[in-house]
Amino acid sequence: MYHNVDELIAEIEGRKNRGYGLSHFQAYMESIGNPHLDLCAIHVGGTNGKGSTTNYVRAILQAAGYRVGSFTSPYLITHRDRIRINDIEISEADFLKIANDYYASWIEWDLSMFEIDMCIASVYFKQQKVDYCVFEVGLGGRLDATNVLQPLLSVITNIGMDHSELLGDSYTAIAKEKAGIIKEGIPLVTAEKKAECCSVFAEIAKEKHSEVHVLKPIENRRCENLHILFDYGDQKQIKLATAADYQCENAALAIEAVSLLHERLHISEEILRQALAATQWKGRFEIVRKEPLVILDGAHNVEGIEALCDSLDNIHNPVIVFSVLKDKNFTVMLEKLMGITDTMIVTKLHHERAYDMDRLAQQYDVCYIEDSKTAIQQACAMKRAVVITGSLYFISEVRAYFKAG
């Protein structure tokens, strides 16, 4: 019996690399009554933008008066913020109650951290009688623990060359893993445009008797006063509470998702617009200071860095602070960032998978400052816009520093 939530979370996080495959977890969930099958779920996968798309869908449904659960990863502040209802994280009391009820079975089945989180989310959403819930895939899709779901709709944001050591070394191979979330007779919506990926989606969807919906063109994009505006279909000048151009696709996916569920949802265009205009996603082009301008962005792979650089067109020569995990294509990421700045600072990330950034400083014309707080302070002292990016774990550390200050 656990009474301290921090001790419990430490125990759960110590189980990160366990797991025996999806069939094992499916059998476990069946042993506890399949709580996930009682949920009206939307399942969101892809390489980049999963969390943002999940958040936009959640925001639209919540603004329409529905009670909405969301499951995302990784966390930014506390482990519990992966599991939320109406954007409020699960309480310590509820987390402890569910954990103590199911802990013995987790040990018996030797579940991994992510499987345990998925179990807690499913049980919690069922107990709290949410109307809808939105689940973000953790890694890949086909074998991910969230793939026990039988959703109302599947969403794949895009396909990039991330986690290639686990998912495959080509767009086609990775697309097959991501497309593993396509379910029999359940429609898929995607923003992916690459022909080889769309071909994979079409083939698997045909086998599953599922319709594929590809985003319509997004037009007339522009940034005004740190807000993005764009046209999507019949809806003109949709406004987002961000200056990140890459969020257009994620917001459009959310629009398309709720549109495909129109027969069961009652959402006016006014509510949808208000929700999108008010919604922010922490750690994604998040402005945490205005003097000087400081932007946090968890662009944790090459495609994410490319999208970030595109969104920085209107910010001349920012100071960039960067830290990354060792399993990422960090040299390409660094080179792309160096293309938009003459002041690049790399710093240490406190994580077991962190890359030794001092080695980058020996190869490139960058400044290495071991302590991340010192790196941020020196960047801000330059009186220029500052962009802090790289690993989401790094963004979590940095965000805590700004919120504390």
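Calculation criteria
- Residues numbered from 1 in each chain as written.
- Predicted model: local features only at pLDDT ≥ 70, side-chain atom pairs only at ≥ 80, totals over all residues.
- Heavy atoms only, no water.
- Helix = DSSP H or I, 4+ residues; strand = E, 2+ residues; numbered from the N terminus.
- Buried < 20%, exposed > 50% of the residue type's maximum accessible area, 1.4 Å probe, protein only.
- Areas by Shrake-Rupley, 256 points an atom, 1.4 Å probe, with all protein chains shown as cover.
- Lys, Arg positive; Asp, Glu negative; His and termini not counted.
- Charge placed at Lys NZ, Arg CZ, Asp CG, Glu CD.
- Pairing = 2+ DSSP bridges.
- Right-handed = clockwise from strand over helix to strand, strands pointing away.
- Polar contact = N/O pair within 3.5 Å; in protein donor to acceptor, adjacent residues only side chain to side chain.
- Contact = heavy atoms within 4.5 Å.
- Axes fitted to C-alpha atoms, helices over the stretch in contact; angles between N-to-C directions.
- Parallel < 35°, antiparallel > 145°, perpendicular 65-115°, else oblique.
- Nonpolar A, V, L, I, M, F, W, Y, C, P; charged D, E, K, R; others polar.

Let's shift gears to the overall build of the protein. Counting its secondary structure elements, the protein contains 15 helices and 17 strands. Expressed along its principal axes, the backbone C-alpha trace of the protein runs to roughly 55 × 55 × 40 Å. The 405 residues of the protein split such that 55% are buried. A total accessible area of about 17300 Å² is found for the protein, and carbon and sulfur atoms account for 47% of it. One finds the centroid of the 42 positive side-chain charges in the protein at a distance of 2 Å from the centroid of its 56 negative side-chain charges.

A separate point is the pairing of strand S15 (residues 344-347). Going residue by residue along S15, you find Met344 and Val346 tucked away on one face and Ile345 and Thr347 tucked away on the opposite face as well. Strand direction decides the pairing type here: strand S14 (residues 319-323) and S15, joined by three bridges, are parallel. Looking across to S15, one finds that Phe322 is bridged to Val346. Inspection of the sheet shows S15 paired to strand S16 (residues 367-369) by three bridges, in the parallel sense. Looking at the pairing, Ile345 lines up with Cys367 of S16. On the question of chirality, the crossover connecting S15 to the parallel S16 by way of helix H13 (residues 357-363) is right-handed.

With that settled, consider the side chain of Thr343. Counting through the fold element by element, Thr343 comes out in the loop between helix H12 (330-338) and S15. Owing to a relative accessible area of 15%, Thr343 belongs among the buried residues under this scheme. Of note is the side chain of Thr343, whose polar atom sits 3.1 Å from the side chain of Arg384. Not counting residues up to four positions away in its chain, the partners in contact with Thr343 are Pro318, Val319, Ile320, Met382 and Arg384.

Spatially, three strands are ordered S9-S10-S11 in an open sheet, and the strand pairing comes out antiparallel. Here the strands that pair on one side only, and so sit at the sheet edges, are strand S9 (218-224) and strand S11 (235-240). Pairs of neighbouring strands in the sheet enclose a mean axial angle of 20°, with direction left out of account. Two strands pair when backbone bridges link them, and S9 and strand S10 (residues 227-232) are joined in this way by five bridges, in the antiparallel orientation.

What follows deals with the packing of helix H11 (residues 302-311) against H12. One way to put it is that H11 packs onto H12 with a least axis distance of 9 Å and a crossing angle of 10°. Classified by the angle their axes make, H11 and H12 are roughly parallel. Of the residues in H12, those in contact with Val302, Ile305, Glu306, Leu308 and Cys309 of H11 are Val332, Met333, Lys336 and Leu337. Of the residues in the contact of H11 with H12, the class split is seven nonpolar, no polar and two charged.

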